[in-house]
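Architecture and fold: a report
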Amino acid sequence: MESIGTLAGGIAHDFNNILNIIRGYATLIGQQPTAGWQITKSLKVIDQEIERGASVVRQLLAVARKTETHLASLDVNDIVLKVCELIKTFPKTITVALNLERDVPSVLADPNQMSRALLNVCVNARDAMPTGGQLSIRTETVDANKVRDRRFDGGVNGYICIAVSDTGTGMKDEVRGRIFEPFFTTKGIGEGTGLGLAIVYSIIKEHNGLIEVDSVAGHGATFRLYLPIQSGEQSVADAPKKSAASGGIHPSRSGTVLVVEDEVALVQLLKKLLSQAGYRVLAAMDGEEAIDLYQNHKAEIDVVLLDLGLPKITGFDVIPRLKEQNPGVNIIITTGYLEADLKAKLFRTGVKDCIHKPYLVDDVIERIGTLLENSWTASNEA
Ligand SMILES: Nc1ncnc2c1ncn2[C@@H]1O[C@H](COP(=O)(O)OP(=O)(O)OP(=O)(O)O)[C@@H](O)[C@H]1O
Ligand SMILES: [Mg+2]
């Protein structure tokens, strides 16, 4: 697991940069006045594939527990209903039965990751019922003490349990003992990668939850996912909410942006598109250059778009050096991947926004505009 983690982190950084460059230049091609419908159509395919590439990276990072978690207060029943929409594509020989507890207390969880975990479990249930059967999903509140009795760490407020049962093939003990191992599968080549439950396991663990499996060969299986009920407190990892100030107002398209990025092709692209959008652009290719440039031009620079993985001085170390020069500096970080803890820490040090690669330059322009709009509003109100 450790080595997969290290490998995944490295690959994610490079791979997301590559995807970012492809996406950016594809956008440029699409903006050519001569681009006809055929080119537009091809570009759409390229964009879909870029999304798929990015999702493969996320998948790998999920297994390596290096994926980011965006926690929000969630009603697990909503997640179940969302997944039910997705499993409508299951064969008609499989009937789906729901038994959802009313007014279930909320949990602090990442909605996308939770849907993914639940979907993986449901897909396995489908695969275990090749000739049909029943898939049942149940949600219920479980008392903390009851869970503690089973020698789990009891959450203060108890747990919400999502139980997924099937009437399929079930598992022998030898199989059940290995199902959470990455790449363990009993399915044929091309049918299963063996990553599904490894992902479920890391997601649930990431949420301080627990998984239980009951199964008897020939008699189906039940997977129970337990999530701690949300306490009154906000999680640290909960990223700051974006200001709603931009509603109806067009973000300003003027000001100077210092782009700090070590990928030449990306710098050129950002220079071109940000200038087109009305910004003046200064660029630094490494951390040292960024600090020097900021020192000499801090009166003009409105926003610093800072990549984290930089040569000489990393983005992480550039941040305090810029803050020394100007405590109110507007920094937006860009990154291929960032662990939730680290991201929360960066926000606490005063980073204003974080954009994930592969990004659309349009999105970057939008976020710079919003940040400037907010900081000008704030300084006018002060
Ligand atoms: N509901 C189930 N009933 C019977 N066996 C199951 C069930 N869920 C999982 N398994 C067993 O656990 C193994 C591992 O599951 P996992 O989801 O990790 O991988 P996979 O389904 O084989 O492949 P992938 O999910 O990557 O497509 C499966 O190959 C299967 O043998
Ligand atoms: Mg699976």
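That block above? That's the structure.
Residue positions are given per chain, counted from 1 along the sequence in the order it is written. Key to labels: chains lettered from A, ligands numbered from 1, both in the order written. The predicted nature of this model means local features are confined to residues of pLDDT at least 70 and side-chain atom pairs, given and counted, to a pLDDT of 80 or more, with totals for whole chains, interfaces and linings taken over all residues. Side-chain numbers come from the whole structure's heavy atoms, not from hydrogens or water.

As for the site of ligand 1
Lining the immediate surroundings of ligand 1 are 21 residues, of which Asn124, Thr185, Thr186, Lys187 and Thr193 lie closest. Between an oxygen atom of ligand 1 and a side-chain N or O atom of Asn124, the distance comes to 2.8 Å. Polar contacts, as used here, are pairs of N or O atoms within 3.5 Å; protein pairs need one atom able to donate a hydrogen and one able to accept it. Residues neighboring in sequence count only if both atoms are side-chain atoms. Note that an oxygen atom of ligand 1 is positioned 3.2 Å from one of the backbone N or O atoms of Gly196. Starting from 600 Å² of accessible surface for ligand 1 in isolation, the protein chains cover 90%. Note on definitions: the grid is 1 Å and covers protein atoms alone; a cavity is a set of points where a 1.4 Å probe fits but cannot get out; a pocket is an open set with protein on both sides within 12 Å along at least five of seven lines; lining residues have an atom within 4 Å of a point. Any molecule with more than half of its atoms within 2 Å of a cavity's or pocket's grid points is counted as sitting in it. For ligand 1, the cavity whose grid points lie within 2 Å of the majority of its atoms is the second largest pocket. Each residue is assigned to one of three groups, with Ala, Val, Leu, Ile, Met, Phe, Trp, Tyr, Cys and Pro labelled nonpolar, Asp, Glu, Lys and Arg labelled charged, and all others, Gly among them, labelled polar. Taken together, the residues of the shell around ligand 1 break down into ten nonpolar, nine polar and two charged. Neighbouring residues are identified by heavy atoms, a residue being near a molecule or strand if any of them is within 4 Å of it. Here the open area of atoms and residues is found with the Shrake-Rupley method and a 1.4 Å probe, where only the protein chains shown may cover a residue.

Focus on the sheet that holds strand 11 (residues 331-335)
Whether two strands pair depends on DSSP finding at least two bridges between them. Helix and strand definitions here come from DSSP, where helices need a minimum of 4 consecutive H or I residues and strands a minimum of 2 consecutive E residues; each element is numbered from the N-terminal end. Strand order in this open sheet of five strands is 9-8-10-11-12, and the pairing throughout is parallel. Sheet topology places strand 9 (280-284) and strand 12 (353-356) at the edges, where each strand pairs with a single neighbour. Put simply, the sheet's adjacent strands are angled 20° from each other on average, direction ignored. For strand 10 (residues 301-307) and strand 11, the ladder comprises four bridges, and the chain directions are parallel. Residue pairing in the sheet places Leu305 in a bridge with Ile332 of strand 11. It only takes one pair of heavy atoms within 4.5 Å for two residues to be counted as in contact. Angles here are taken between N-to-C directions and fall from 0 to 180 degrees, while the axes themselves are lines fitted to C-alpha atoms, restricted in helices to the stretch in contact. The strands touched by helix 9 (residues 287-297) are strand 8 (256-260), strand 9 and strand 10; relative to strand 9, the strand with the most contacts, the crossing angle is about 140°.

Some words on the pairing of strand 10
Looking down a regular strand, the side chains alternate between one sheet face and the other. With six of its seven residues buried, strand 10 lies for the most part within the structure. As judged from the five bridges shared by strand 8 and strand 10, these two strands associate in the parallel manner. Its bridge partner lying in strand 10, Leu258 is registered against Val304. For the handedness criterion, the β-α-β arrangement of strand 10, helix 10 (residues 315-325) and strand 11 is classed as right-handed. Relative accessible area decides the class of each residue, using a 1.4 Å probe on protein chains only: under 20% of the type maximum gives buried, over 50% gives exposed, and in between gives partly exposed. Assignment of crossover handedness uses the view with strands pointing away from the viewer, where a clockwise path from the first strand over the helix to the second indicates a right-handed crossover.

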